[in-house]
Amino acid sequence: MSSETEVRPFRVDVLEEEIAELRRRVNATRWPERETVTDDSQGVRLAMMQDLARYWETDYDWRKCEKKLNALPQFITEIDGLDIHFIHVRSQHQDALPLIVTHGWPGSIIEQLKIIDPLTNPTAHGASADDAFHLVIPSLPGHGFSAKPTTTGWDPTRIARAWVVLMKRLGYTRFVAQGGDWGAAVTQAMGEQAAPELLGIHSNMPGTAPADITKGFERGDPPPSGLSAEELRAYEQLSNFYAKHVAYALIMATRPQTLYGLADSPVDLAAFMLDHGDGTGQPGLVEQVLQGHLDSDLTRDDLLDNITLYWLMNTGVSSARLYWENKADFFNAKNITIPYAISVFPDELYEAPRSWAERAYPHNLIHFNKLDRGGHFAAWEQPDLFSAEMRAAFRTLR
C-alpha cells in the first residue's frame, strides 16, 4: 500500500505521568456549593460527582481498560487526509458478514467492546455460525484515538463516505452498517448515499418522524390531532427532549471552542458527559449505574473507562465540534431506500413508533423490534440483546 492508504497497527500506551496528572487534577477540583433542590433538575448532583471523583482518584485503574483494548486488533489508516483509528476483528467463520459499527457522543469504541465476541464468535454465545460478523469499529474524527480535524467539513456526510473507503480498503466488497446517536447520523447518511457495496443498515436511534410534525416537537408545539397512543408518546418524548434535555447539544453546536473546562478539568469533563443521560432522564442513567439499580451490564468502571479516554486524548472540545459541523435533523425520516432495520429500546431518547417507521420506509424496512429493556447506549447496556438484534436484523441480507 502507499503511505496514504497504509493500514498501520496501533497499541494504546498511556504514560504513567498522564495518569498521575489526572489524579492530581481530580484531587485539586474546586467544588461548587450543593444544588438547591433535592433532585437532578439543576444538573449532576454534587454528592454523586464527589463520590465518583473519590473513586476515580483512588481506586479506578485505567490499565485494565488499556489491557482490554490492546488485546484487540487495532489499526490507524489515513482517509481524506485524516488518521482514523479502528478495531478490526475478523470472525473465524469465513462466510461472516462484514459490519461497521459507529459510536456516538459522549461515547467511544469502549461502548462496543462487549459486543465484539458475541458478534464475531456467535457459537460461543449460543447462536449459529451462520450469524457471524467480521467487525469494524472506528473512532469518529476528533474522538478517541482518531486524529482531530484541523479544518472544517468533517460532518456525518463526510464521515459516511470515509467509512465506505475504510471498508473497501479492508477488502470488503459487501457489508452492512450500524449506529446509534452520532453513529445513527453517520449510518443513515451511508444509507442515503447508498454505496453499491452497502447491503443495508441498522439503527437503535432511527429517524422516523414525519416531516409535517418534526418542527412541532422541536418548537414545543402541542401535539397534532390524530396521533395514535404510540405516536403521541413519541411526540411527547421528543418535545420533552428539546425542551429540557438538549442544552448540552446547543452549546456544542454553537460555541464548541468555548468549552475550555473540558480540556482543563477532569471533573468538569465527567459532569458534562454524565449529564447526557438517556430516555430515563439526565443523569438518571448514571445514578442508577452508580447505585447498582440498573438492570444492565453497565458498570462504574465502564463509565470511567470512557470518560478517562476522553480526558487522556483531550477530545472534549474536538468531539464537540461534530455538533457544530452537523446541519441535519436527528429524528426526522430520511431519504433511504436500501434495506433498513430498526431496534427500539425502551429507554432511548424516544421510542420510534412502528407506524412512523413503516411510513418512512414502506418498501425497505426489513426488521422492526421493540425490546423490553435497554436505552440510548444499547450495545453497552444490553450487549446480549443488542447482539441478538444484529443477527436478526441482517439475516436476510447474507
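Before any of the text, the structure's been laid out above.
Residues numbered from 1 in each chain as written. Predicted model: local features only at pLDDT ≥ 70, side-chain atom pairs only at ≥ 80, totals over all residues. Heavy atoms only, no water.

Peer 1: It is not clear to me how the packing of helix α2 (residues 46–58) against helix α13 (residues 300–313) should be interpreted in this structure. Could you clarify?
Peer 2: Look at α2 against α13: their axes get within 12 Å of each other, and the N-to-C directions meet at 75°. By the criterion of interaxial angle, the relationship of α2 to α13 is roughly perpendicular. Every residue of α13 that contacts α2 at Asp51, Leu52, Tyr55 and Trp56 is listed here: Arg300, Asp301, Leu304, Ile307 and Thr308. Taken together, the residues that form the contact of α2 with α13 break down as 5 nonpolar, 1 polar and 3 charged. (Axes fitted to C-alpha atoms, helices over the stretch in contact; angles between N-to-C directions. Helix = DSSP H or I, 4+ residues; strand = E, 2+ residues; numbered from the N terminus. Parallel < 35°, antiparallel > 145°, perpendicular 65-115°, else oblique. Contact = heavy atoms within 4.5 Å. Nonpolar A, V, L, I, M, F, W, Y, C, P; charged D, E, K, R; others polar.)

Peer 1: Quick question: what am I supposed to make of the sheet that holds strand β6 (residues 175–179) here?
Peer 2: Within a sheet, adjacent strands bond to each other through the backbone by hydrogen bonds, running parallel or antiparallel. An order of β1-β2-β3-β5-β4-β6-β7-β8-β9 is seen for the 9 strands of this open sheet, with the pairing classed as mixed. A single partner strand is all that each edge strand has here, and the edge strands are β1 (7–9) and β9 (365–370). Pairwise comparison of adjacent strand axes, ignoring direction, gives a mean angle of 25° for this sheet. The sheet contact formed by strand β8 (residues 340–344) and β9 spans 5 bridges and is parallel. Pairing of Tyr340 across the sheet is with Leu365, part of β9. Along the sheet face, helix α5 (residues 156–169) touches β1, β2 (74–79), β3 (82–89), β4 (97–102), β5 (133–138) and β6 and points at about 120° away from the line of β2. (Pairing = 2+ DSSP bridges.)

Peer 1: Looking at this structure, how should I read the pattern of salt bridges?
Peer 2: Where side chains of opposite charge bring their charged atoms close, a pairing between them can arise. On inspection of all chains with the given rule, the structure shows 21 salt bridges. The salt bridge partner of Glu197 is Lys168, with a shortest N-O separation of 3.5 Å. Taken together, the residues Glu197 in the loop between α6 (182–193) and β7 (198–203) and Lys168 in helix α5 connect sequence positions 29 residues apart. A relative accessible area of 15% means that Glu197 is categorised as buried. For Lys168, a relative accessible area of 45% corresponds to the partly exposed category. The salt bridge partner of Asp221 is Arg219, with a shortest N-O separation of 2.7 Å. Taking the relative accessible area as the measure of exposure, Arg219 reaches 59% and is therefore exposed. Connected through shared salt-bridge partners, Glu21, Arg24, Arg25 and Asp264 make up one network. (Salt bridge = Lys/Arg side-chain N within 4 Å of Asp/Glu carboxyl O. Buried < 20%, exposed > 50% of the residue type's maximum accessible area, 1.4 Å probe, protein only.)

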